[in-house]
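Observations on the model geometry
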Number of protein chains: 2
Amino acid sequence: MDFWYEFASTYSYPAAMRVQKLADAAGVALRWRPFLLGPIFGAQGWNDSPFNIYPAKGRYMWRDLARICEAEGLPLALPPFRFPQNGLKAARIALVLGEKIGAFTRAVYSANFAEQKDISDDAVLSEILRKLDLNPEAAIATANTPENKTALKAQTDEAISLGIFGAPSFTVGNELFWGNDRLEEAIGWAKK
Amino acid sequence: MDFWYEFASTYSYPAAMRVQKLADAAGVALRWRPFLLGPIFGAQGWNDSPFNIYPAKGRYMWRDLARICEAEGLPLALPPFRFPQNGLKAARIALVLGEKIGAFTRAVYSANFAEQKDISDDAVLSEILRKLDLNPEAAIATANTPENKTALKAQTDEAISLGIFGAPSFTVGNELFWGNDRLEEAIGWAKK
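Rules of the game
All chains use their own residue numbering, which begins from 1 and follows the written sequence. To read the labels, note that chains go from A and ligands from 1, taken in the order they are written. In view of the model being predicted, local features appear only for residues whose pLDDT reaches at least 70, and side-chain atom pairs are presented and counted only at 80 or more, with totals across whole chains, interfaces and linings using the full set of residues. Working from all heavy atoms in the structure, the side-chain values ignore hydrogens and water. Definition of nonpolar core: a set of buried residues of the types Ala, Val, Leu, Ile, Met, Phe, Trp, Tyr and Cys, connected through side-chain atoms within 4.5 Å. Exposed residues in this analysis have more than 50% of their type's maximum accessible area, buried residues have under 20%, and partly exposed residues fall in between, with area computed by a 1.4 Å probe over protein chains only. Between two residues, a contact is recorded if the distance between any of their heavy atoms is within 4.5 Å. Looking at any residue, its pLDDT shows the predictor's confidence there, from 0 to 100. Note: two strands are recorded as paired if DSSP finds a minimum of 2 bridges between them. The way it works is that DSSP assigns letters per residue, a run of H or I at least four long becomes a helix, a run of E at least two long becomes a strand, and they are numbered from the N terminus. Inter-axis angles, ranging from 0 to 180 degrees, are taken between N-to-C directions of lines fitted to C-alpha atoms, where helices are fitted over the stretch in contact. We superpose the copies by least squares over the C-alpha atoms of residues that have a pLDDT of at least 70 in both of them. Reported buried area values correspond to the accessible surface (1.4 Å probe) lost by two parts on association, with both partners' losses combined. Just to be clear on terms, a salt bridge is a Lys or Arg side-chain nitrogen sitting within 4 Å of an Asp or Glu carboxyl oxygen. We define a polar contact as two N or O atoms separated by no more than 3.5 Å, with the added condition that, inside protein, one atom must be a possible hydrogen donor and the other a possible acceptor, whereas residues neighbouring each other in sequence contribute only through side-chain atom pairs. Only rings of Phe, Tyr and Trp enter the pairing, Trp through its six-membered ring, and a pair is recorded when the two centres are within 6.5 Å. The plane angle decides the type: under 30 degrees is stacked, over 60 is edge-to-face, the rest tilted. Charge-over-ring contacts are defined here by two conditions on Lys NZ or Arg CZ: a distance within 6 Å of the ring centre and an angle within 35 degrees of the ring normal.

**Examining the nonpolar core**
If you look at the biggest cluster of nonpolar residues, it comprises 122 residues, and the most contacted ones within it are A:Met1, A:Phe7, A:Phe104, B:Met1, B:Phe7 and B:Phe104. Ignoring anything within four residues of it in the chain, the contact list for A:Met1 reads A:Val19, A:Val28, A:Ala29, A:Leu30, A:Arg31, A:Phe170, A:Thr171, A:Val172, A:Leu183, A:Ala186, A:Ile187 and A:Ala190.

Structural data, given as structure tokens:
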């Protein structure tokens, strides 16, 4: 099963925090697939999060997310400075980390949605990398190579070709599931 | 618990077919609250269903709905002539039926999503009313009074004032839940 996520995405936060545990329990192999929603939203004529463009939907999302986090025992403290945050750097770094991508991804979501940190800040990302026993300078340098920038674009193009239009999404072959609340169903599909 | 629905809404179909059963099993009193999405979508600049405006989202919705209906054992056969159908007449009629509103609502959803019938056709609506031992002429006449048209507008305004932006929605006091997949959570909230 592929887990498609965008670091700015609110519902990707609870999904990222529980996806590995559920996949392991079900014996389902998991691939972490960061991508960018910006180009997808832009193609729909949106230059901001739909949760900002449509205020009633946004108000509901924050309340719904609070209920989900409470039920999951997840802390939720919103960054006071901006929503959505810019997840481009984090996505590029995630792509070069190999097997530590899951731990890095969870730490970035915690920084964004629980610790009120700026995830586009090199210092914040470096601290996360250091705590994972990774060399921040090397990881960031590799993340910023033209090859890796192209790889993230290709990953986003692959998401679009699979019909993905939001995050989090899960795919099993060509079968698409959208939303944190479809995670169990996607895992059930992967076990078939 | 209030169940807010629009007869054109796809995800309201599985919600309408199971809401009474779940509410009864939980001992939760249920109010059926038809409203119109047209004015709400219009205020957002949409003059069509978002599932038509955003094709990737629409393709996903139809696949997701098919999976849901299969899991629920519900037939799903789309009307070949139009999506979304016009649910205005059905909503006005539903509002005057008293305790038969649930049975009427389920029959209209079956007509729309399983029997490929035009739910804006007086003959289709009359047949549904007759099968419920109601007088179609009397019900339609009452539905078309200025008072009842105003009542449906007021119900839609009440939905907006509760923060509702889509269907199906469920409210328990001021607590809002959106989507067929939040029905169990809404019932749990109502039992608190």
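**Some points on the confidence of the model for chain A**
Looking at chain A as a whole, its pLDDT mean stands at 96, while 100% of the residues score no less than 70. Scoring the predicted complex yields pTM 0.95 and, for the interface, ipTM 0.92.

**Notes on the sheet that holds strand β3 (residues 169-172) of chain B**
Strand-to-strand pairing in sheets goes through backbone hydrogen bonds, with the strands running parallel or antiparallel. Residues and elements named next belong to chain B. Spatially, β2-β1-β3-β4 is the arrangement adopted by the four strands of the open sheet, whose pairing is mixed. Lying at the two open borders of the sheet, with one neighbouring strand each, are β2 (31-34) and β4 (175-178). When strand polarity is set aside, the average angle formed by the axes of neighbouring strands in this sheet is 25°. The sheet contact formed by strand β1 (residues 2-5) and β3 spans three bridges and is antiparallel. Looking at the pairing, Phe3 lines up with Phe170 of β3.

**Observations concerning the relation of the copies chain B and chain A**
Copies of the same chain, two in number, are related to each other by a rotation about an axis and a translation along it. Rotating chain B by 180° about the axis while translating it 0.0 Å along that axis superimposes it on chain A, leaving an RMSD of 0.0 Å. Overall, the copies show the geometry of a two-fold rotation axis. Taking C-alpha positions as the reference, the residue of chain B nearest the rotation axis is B:Asp181, at 3.9 Å. Comparing interface residues between copies, 100% of those in chain B also lie at the interface in chain A; the contact surface is shared.

**As for the interface of chain B and chain A**
On the side of chain A, 21 residues touch chain B, which itself brings 21 residues to the contact. Of the roughly 2000 Å² buried between chain B and chain A on both sides combined, carbon and sulfur atoms contribute 52%. Of all residues in chain B, B:Tyr54, B:Tyr60 and B:Arg67 bury the most surface against chain A, accounting for 28% of the area lost on that side. Scanning the region where chain B abuts chain A turns up ten salt bridges. We note a salt bridge from A:Asp181 to B:Arg182, for which the minimum N-O separation is 2.7 Å. Our enumeration of links across chain B and chain A arrives at 17 residue pairs in polar contact (both at pLDDT 80 or more). Among the secondary structure elements, those contributing two or more residues to the side of chain B that touches chain A are α4 (55-72), β4 and α10 (183-191) of chain B.

**Notes on the packing of aromatic side chains**
According to the stated counting rule, one finds 40 aromatic pairs over all chains in the structure shown. Taken together, a centroid distance of 6.4 Å and an interplanar angle of 65° make the contact between A:Tyr11 and A:Phe51 edge-to-face. Of this pair, A:Tyr11 sits in the loop between β1 (2-5) and α1 (12-26) while A:Phe51 sits in helix α3 (residues 50-53), and the two are 40 residues apart along the sequence. Summarising the aromatic geometry, the rings of A:Phe165 and B:Tyr60 are spaced 5.6 Å apart at their centres and angled 55° between planes, so their arrangement reads as tilted. Of the two residues, A:Phe165 sits in the loop between α9 (146-161) and β3 (169-172) while B:Tyr60 sits in helix α4, which places them in two different chains. Across from the ring centre of A:Trp189, 3.7 Å away, lies the NZ or CZ of A:Lys192, which sits over that ring.

**Side note on the environment of B:Ala103**
Residue and element names in this part refer to chain B. With respect to the secondary-structure elements, Ala103 resides in helix α6 (residues 101-113). Since its relative accessible area comes to 28%, Ala103 is described here as partly exposed. Each C-alpha atom, one on Ala103 and one on Phe51, is 27 Å from the other, the two residues being 52 residues apart in sequence.

**Section: the sheet that holds β3(A)**
Residue and element names in this part refer to chain A. Ordered by their spatial adjacency, four strands build an open sheet running β2-β1-β3-β4, and the pairing between neighbours is mixed. Here the strands that pair on one side only, and so sit at the sheet edges, are β2 (31-34) and β4 (175-178). This sheet shows a mean twist of 25° between the axes of neighbouring strands, independent of strand direction. Bridge count between β1 and β2: four bridges; the pairing is parallel. Note that in β2 the partner of Phe3 across the bridge is Trp32. Strand contacts of α1: β1, β2 and β3, with the helix running at about 155° to β1, the strand carrying the most contacts. Where α9 meets the sheet, its contacts fall on β1 and β2, and the angle it forms with β2 comes to roughly 100°.

**What to know about the environment of A:Tyr13**
Residue and element names in this part refer to chain A. Along the chain, Tyr13 turns up in helix α1. When its relative accessible area of 0% is taken as the criterion, Tyr13 is described as buried. Once residues within four sequence positions are removed from consideration, Tyr13 is found in contact with Cys69, Leu74, Pro75, Leu76, Tyr109, Ser110, Phe113 and Ala114.

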